[in-house]
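Structural overview
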Amino acid sequence: VGSEMCIRDRPGRAPMSEDELRLPVARRLATDEIPDPLAFLMNAEPEIEGRMPWSSNMTFLATLRCEGADGPVEQRAVYKPVRGERPLWDFEPGLHRRERAAFLLSERLGVGVVPPTVIRDGPLGEGSFQWFVDADHSEHYFTIYEQFEQLHDQCRDIAVLDILANNTDRKSGHCLLAGDRVWAIDNGLCFSSPYKLRTVIWEFAGESIDEEILDRVAPMVERVPVDIAALLDDDEIEAMQRRATMLVTERRLPDDESGHRYPWPLI
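These numbers come from a predicted model, not from an experiment. (Residues numbered from 1 in each chain as written. Predicted model: local features only at pLDDT ≥ 70, side-chain atom pairs only at ≥ 80, totals over all residues. Heavy atoms only, no water.)

**Some details on the pattern of salt bridges**
Applying the stated rule across the entire model yields twelve salt bridges. Here Arg65 makes a salt bridge to Glu47, at a shortest N to O gap of 2.6 Å. Placement of the pair is Arg65 in strand β2 (residues 60–68) and Glu47 in strand β1 (residues 45–51), with a sequence separation of 18 residues. Look at Arg65 and you get partly exposed, because its relative accessible area is 28%. Through salt bridges that share partners, Glu47, Glu49, Arg65 and Glu74 make up one connected network. (Salt bridge = Lys/Arg side-chain N within 4 Å of Asp/Glu carboxyl O. Helix = DSSP H or I, 4+ residues; strand = E, 2+ residues; numbered from the N terminus. Buried < 20%, exposed > 50% of the residue type's maximum accessible area, 1.4 Å probe, protein only.)

Laid out in structure tokens, this is it:
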């Protein structure tokens, strides 16, 4: 297992709670070398490898390292520093907080579709560090839907997450296929107060939402979890409660009657 260097709190970095270390996706990705993926993301030393292509904001591939019991332990991560954000008219600076909130919401819903994501300091200042998914980049949502029927439930889970998070930019290429898992990445453009869902996932419109997920959505009608609410503005919290109310009332995935709720480009 990794040494204490990976797990213990480091100066200037928020400690990981016991609840966080038990989150579903963290358990699924845990290995003997990295038993607590979130703690590793938070505490290992980052080194930037290079800039990720085709990103509108400055996004970097980083390697995180610490010394383990049997030698160095490494894991790649996607690093999005605040200082590299392009100004947007409809979102305040700080998209890294929304990346983190989307991860926490995915875990609260029990769907585990967003890779582990933390907020911490990095070589270019504060930003989000997200576990790098070693995916098959020839695949995306449209190919996954057409070729892998057994993965449709995971796509439905992403659809529910995106409605509750009010994702304005769920492109096909933001759904990554790695083994038998579909991962939802690039979640920075979420949680705005005005309802402006933009997604490519409409094939399940009108279908019933899984009752277990609805049971997890229901408490958010009255109260958004504190760890998520702390990352959002008051009006965004209230808007999320309205979307939760819509989901538990309708109990079905909504349709796009306008035909305009697609992102651009699609992939």
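Still to come is the rest of the account.
**A short note on the layout of surface pockets**
Considering only enclosed or pocket space, the largest pocket measures out at about 1200 Å³ in volume. Forming the boundary of the largest pocket are 41 residues, of which Trp54, Ser55, His174, Ile185 and Asp186 lie nearest the centre. The residue inventory of the lining of the largest pocket, partitioned by class, reads 18 nonpolar, 15 polar and eight charged. (1 Å grid on protein atoms, 1.4 Å probe; cavity = no way out; pocket = protein on both sides within 12 Å on 5 of 7 lines; lining within 4 Å. Points joined across faces, edges and corners; volume = space filled by probe spheres on them. Nonpolar A, V, L, I, M, F, W, Y, C, P; charged D, E, K, R; others polar.)

**Section: empty space enclosed by the protein**
One pass over the full model with this rule turns up one cavity of 30 Å³ or more. Empty space within the largest cavity amounts to approximately 80 Å³. Taken together, the residues that form the lining of the largest cavity break down as nine nonpolar, one polar and one charged.

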